[in-house]
Amino acid sequence: MTESTAATTLKRTPFHEFHVALGGKIVPFAGYEMPVQYPTGITAEHQAVRQGCGVFDVSHMGEFVVRGERAVAFVDAVTSNDVGKLVIGQAHYSTILNDRGTIVDDCLVYRFEDRVMIVVNASNREKDLAHVSARAGEFGVTIEDISDAIGLLAVQGPASAEILQGLTSLDLGTIQYYHFAEGEVAGMRMIVSRTGYTGEDGFELYHDVQHSHALWNALMGTGRITPCGLGSRDSLRLEMGMALYGNDIDDTTTPLEANLAWLVKLQKGDFTGREALVRQKEQGVPRKLVGFTTTERSFPRHGYPVFYEGEASGIVCSGTMSPSLGIPIGTCYLPTAGAKEGTAFEIEIRGKRVPATVVKPPFYKKPAKG
């Protein structure tokens, strides 16, 4: 396939023309043309979110709506967290597993009065839909993929609530973390969710794509929101130790190995992958995802070889130079015996083995308020 042919197969979000007009560096990502950064650079965007407010176009994410009397029971059966414990207007983070107990995808689950919404990663959208649909008949539910009709912006940072409050009659102060409300922003109906992937306060705005341009203009019209790309989204989530599918987790890892045991509610009853996880728990988890730092300035990138006690132990999953801390940070899997804080191991960077130390995420902790 030629490069030009490949380019025509990439999708564009409803905000594409804004990214181009702002000078965004557009790259292929999960089947979409997405901005990795704008001219101000990744560090400036990162700091804007840590200190003020930034906006990310995350319209590439997938959304499935599940309807039917047994919608909650169905989503409970195809995800690892306890959907039955969600109240209407609440969301949670979860995993979709296969029968081996490994991760098909990580997701968000939203409970509405008359439906449940599952939000998945763009690169896994078709795979996820086929996977969960296989059990739909068993529960008599319908699943609608509404991804292409939904635009999604993440407004993130300590100033996000104050700025967004000026555009909505919803009382944002009443929306707790991982809760949501349906209402109007700048006169347009949408779902306002107090969620995000940055470790900062913020909201995700799910809306009909017909409102996307007007919503972007309303947000930018405040003059207080910095457009941010995939690069700062990655550095922000890594500072918080948040997993990225395809790097830190995939269908070769279980939630127990990935430090996501808190998403696994074995006591809720049967769900896909439960038996495999019970077995792994009984036999002992062989490896664990750890955070690390190094004293050398060369920072570790995804794919660099990792060595524990002189033996190969996989690769660096995620790695960067932390914009907030000014030190190299990353994640990798180590044998469970070596997954304790302070454990020393090595990473091969450009042919040289560099000492690294296990650090418990999050790497970045918010400064105490004065």
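On a predicted model such as this, the values are computed, not experimentally measured, just so you know. (Residues numbered from 1 in each chain as written. Predicted model: local features only at pLDDT ≥ 70, side-chain atom pairs only at ≥ 80, totals over all residues. Heavy atoms only, no water.)

*Asks:* Whenever I open this one, the overall build of the chain confuses me. Can you help?
*Replies:* The secondary structure content of the chain amounts to 10 helices and 20 strands. Here the C-alpha radius of gyration of the chain, 21 Å, is about what a compact globule of 370 residues would show, namely 21 Å. Dimensions of the chain, computed from C-alpha atoms along their principal axes, come out at roughly 60 × 55 × 50 Å. The buried share of the chain, reckoned over its 370 residues, is 55%. Carbon and sulfur atoms form 52% of the exposed surface of the chain, whose accessible area is close to 16200 Å². Considering the chain, the positive charge centre built from 35 side chains and the negative charge centre built from 43 side chains are found 5 Å apart. (Helix = DSSP H or I, 4+ residues; strand = E, 2+ residues; numbered from the N terminus. Rg over C-alpha atoms; globule rule 2.2 N^0.38 Å. Buried < 20%, exposed > 50% of the residue type's maximum accessible area, 1.4 Å probe, protein only. Areas by Shrake-Rupley, 256 points an atom, 1.4 Å probe, with all protein chains shown as cover. Lys, Arg positive; Asp, Glu negative; His and termini not counted. Charge placed at Lys NZ, Arg CZ, Asp CG, Glu CD.)

*Asks:* Is there a simple way to think about the sheet that holds strand β12 (residues 188-193) in this case?
*Replies:* Through backbone hydrogen bonds, the strands of a sheet pair up, either in parallel or in antiparallel fashion. Reading across the sheet, the six strands line up as β11-β12-β13-β10-β4-β14 and stay open at both edges, with mixed pairing between neighbours. Pairing within the sheet leaves two strands with one partner each, and these edge strands are β11 (180-185) and β14 (226-228). Pairs of neighbouring strands in the sheet enclose a mean axial angle of 30 degrees, with direction left out of account. Taken together, the four bridges between β12 and strand β13 (residues 202-208) define a ladder with antiparallel strand orientation. Within the sheet, the bridge partner assigned to V192 lies in β13 and is L205. (Pairing = 2+ DSSP bridges. Axes fitted to C-alpha atoms, helices over the stretch in contact; angles between N-to-C directions.)

*Asks:* Before we go on, may I ask you to explain the sheet that holds strand β17 (residues 311-321) in this structure?
*Replies:* Strand order around the closed barrel formed by six strands is β15-β18-β17-β16-β19-β20, with antiparallel pairing between neighbours. The average angle at which neighbouring strand axes cross in this sheet is 40 degrees, direction not considered. Alignment of β17 against strand β18 (residues 328-335), held across five bridges, turns out to be antiparallel. Along β18, the bridge assignment pairs G319 with G330. Across the sheet, helix α9 (residues 230-239) touches β17 and β18, and the angle it forms with β17 is around 120 degrees. (Contact = heavy atoms within 4.5 Å.)

*Asks:* What is the right way to look at the side chain of H46 in this model?
*Replies:* Along the chain, H46 falls in helix α3 (residues 42-51). The exposure class of H46 is buried, given its relative accessible area of 0%. Within polar-contact distance, the side chain of H46 engages the side chain of S324 at 2.9 Å. Excluding its chain neighbours within four sequence positions, the residues that come into contact with H46 are S232, S235, L236, E239, P323 and S324. (Polar contact = N/O pair within 3.5 Å; in protein donor to acceptor, adjacent residues only side chain to side chain.)

*Asks:* Just to check I follow, could you spell out the side chain of N124 for this structure?
*Replies:* Secondary-structure assignment places N124 in the loop between β8 (116-120) and α5 (125-133). A polar atom in the side chain of N124 sits 3.0 Å from the side chain of D105.

*Asks:* Honestly, the environment of V87 in this entry has me stumped. Any pointers?
*Replies:* With respect to the element layout, V87 can be found in the loop between α4 (71-78) and β6 (90-97). Between the C-alpha atoms of V87 and R111, which are 24 residues apart in sequence, the distance is 6.9 Å. When residues no more than four places from it in sequence are discounted, the contact partners of V87 are R111 and H179.

*Asks:* Explanation requested: the environment of V119 in the structure shown.
*Replies:* Looking at where V119 falls in the secondary structure, it is placed in strand β8. Of the residues examined, V119 reaches a relative accessible area of 3% and is grouped as buried. Put simply, V119 and Y32 are 87 residues apart on the chain and 17 Å apart in space, counted from C-alpha to C-alpha. Setting aside its immediate chain neighbours within four residues, V119 contacts M61, G62, E63, D106, C107, L108, Y110 and Y206.

*Asks:* Any chance you could explain the pairing of strand β19 (residues 344-349) here in plain terms?
*Replies:* Across a regular strand the side chains alternate sides, sitting on one face of the sheet and then on the other. Of the two faces of β19, the one holding F345, I347 and I349 is buried and the one holding A344, E346 and E348 is not buried anywhere. Where β19 hands over to strand β20 (residues 352-359), the hairpin turn is made up of two residues, of which R350 adopts a positive phi near 50 degrees.

*Asks:* Mind showing me how you'd approach the packing of α3 against α9 here?
*Replies:* How two helices pack is summed up by the angle between their axes together with the distance between the axes. Running from amino to carboxyl end, α3 crosses α9 at an angle of 55 degrees, the nearest separation of the two axes being 8 Å. The angle between α3 and α9 places the two elements in the oblique class. Here the hand of the crossing between α3 and α9 comes out right-handed. Contacts between α3 and α9 pair I42, E45, H46, V49 and R50 from the former with G231, S232, S235, L236 and E239 from the latter. The class makeup of the residues in the contact of α3 with α9 is three nonpolar, four polar and three charged. (Parallel < 35°, antiparallel > 145°, perpendicular 65-115°, else oblique. Left-handed = near helix turned anticlockwise from the far one by under 90°. Nonpolar A, V, L, I, M, F, W, Y, C, P; charged D, E, K, R; others polar.)

*Asks:* Sorry if this is basic, but what is going on with the pairing of strand β3 (residues 32-37) here?
*Replies:* Burial analysis of β3 places five of its six residues in the buried class, which makes it a mostly covered element. Taken together, the two bridges between strand β1 (residues 11-12) and β3 define a ladder with parallel strand orientation. Along β3, the bridge assignment pairs R12 with E33. Here strand β2 (residues 25-29) pairs with β3 via five bridges, running antiparallel. The partner of F29 across the bridge, within β3, is Y32.

By themselves these figures say nothing about function.
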